[in-house]
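Understanding the architecture of this molecule
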Amino acid sequence: MSARDATVIARTVSRIVFPLILLTAFALLLQGHNRPGGGFIAGVLTAVAFALLMIIFGFDYIEDEILGRDMDDTRAAALTIVTDNSLVFALGLALAVGSGLVAMAFGLPFLTQTVVFLHDLPVYHELELASAFVFDLGVYLVVVGALLTVLTVVGAE
């Protein structure tokens, strides 16, 4: 399906819903170390947002409009997207494992987490920095990379 095959309503709704899904995913990613949510569900929501764009507009739209690359061939666009998603997956896996290994470097068990509070900040007054966020970010990137790779490969067929 290309953008000209999709209805005006589908194109309009997807343009409105896409940033809202990403905003929700970002909010879930940020709250994950304190409440239910986090890297996994934020990654699933991000993959769903991009899947919506792939279904409504096609691979060419993602390459041209989102990534700013000029691709004429849909197969080549899908292959480029798969390569990018593989890099996102690898970066996420390295980040998630690395967050666990940092604790071991300090003589603590694997994936031991810590929290630092910053006080007297101008707008927030107090900000909590949790090392669990780094792990959640790694999980987020793994989920986004894996799901978008699967969606791209299946969609290109």
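Residues numbered from 1 in each chain as written. Predicted model: local features only at pLDDT ≥ 70, side-chain atom pairs only at ≥ 80, totals over all residues. Heavy atoms only, no water.

Contact geometry of helix H2 (residues 39-57) with helix H3 (residues 59-66) gives a least axis separation of 7 Å together with a crossing angle of 115 degrees. Judged by the angle between their axes, H2 and H3 are roughly perpendicular. Residues Phe50, Leu53, Met54 and Phe57 of H2 touch H3, and the partners they reach there are Phe59, Tyr61, Ile62 and Ile66. Classifying every residue of the contact of H2 with H3 by side-chain character gives eight nonpolar, no polar and no charged. (Axes fitted to C-alpha atoms, helices over the stretch in contact; angles between N-to-C directions. Helix = DSSP H or I, 4+ residues; strand = E, 2+ residues; numbered from the N terminus. Parallel < 35°, antiparallel > 145°, perpendicular 65-115°, else oblique. Contact = heavy atoms within 4.5 Å. Nonpolar A, V, L, I, M, F, W, Y, C, P; charged D, E, K, R; others polar.)

Inspection of the secondary structure puts Ser14 in helix H1 (residues 8-31). By relative accessible area, which is 1% here, Ser14 ends up buried. If we skip the residues at most four places from it in the chain, Ser14 touches Leu52, Ile56 and Phe57. (Buried < 20%, exposed > 50% of the residue type's maximum accessible area, 1.4 Å probe, protein only.)

As a further point, take the packing of aromatic side chains. Counting across every chain of the model gives one aromatic pair. Between Phe18 and Phe50, the ring centres sit 5.1 Å apart and the planes meet at 85 degrees, which makes this aromatic pair edge-to-face. Taken together, the residues span a long stretch of sequence, with Phe18 in helix H1 and Phe50 in helix H2 at a distance of 32 residues. Here Phe18 and Phe50 have matching classes, each one buried. (Phe/Tyr/Trp six-rings, centres within 6.5 Å; stacked < 30°, edge-to-face > 60°.)

Here we take up the pairing of strand S2 (residues 125-130). One ladder, built from six bridges, connects strand S1 (residues 115-121) with S2; its direction is antiparallel. Considered in S2, the bridge of Phe117 is made with Glu128. Once S1 ends, the chain turns through three residues before running back antiparallel as S2. (Pairing = 2+ DSSP bridges.)

Taken together, the side chains of Phe89, Leu93, Val97, Leu101, Met104, Phe110 and Leu111 define a hydrophobic patch exposed on the protein surface, amounting to about 580 Å² of accessible area. Mapped onto the fold, Phe89 is located in helix H4 (residues 74-105). (Patch = residues over 30% accessible without salt bridge, like charges linked within 9 Å, V, L, I, M, F, W, Y side chains within 5 Å. Areas by Shrake-Rupley, 256 points an atom, 1.4 Å probe, with all protein chains shown as cover. Salt bridge = Lys/Arg side-chain N within 4 Å of Asp/Glu carboxyl O.)

To continue, consider the nonpolar core. Of all hydrophobic cores here, the largest spans 21 residues; its most connected members are Ala42, Leu53, Met54, Tyr140 and Leu148. Among the elements of the structure, H1, H2, H3 and helix H5 (132-156) are those that each provide at least two residues to this core. No other element matches H2, which puts eight residues into this core. (Core = buried A, V, L, I, M, F, W, Y, C linked by side-chain atoms within 4.5 Å.)

Here the focus is unusual backbone geometry. Even without glycine at this site, Leu111 takes up a positive phi of about 65 degrees. Summarising the element assignment, Leu111 is placed in the loop between H4 and S1. Residue class for Leu111 comes out partly exposed when judged on its relative accessible area of 30%. Despite not being glycine, Asp120 shows a phi value in the positive range, around 60 degrees.

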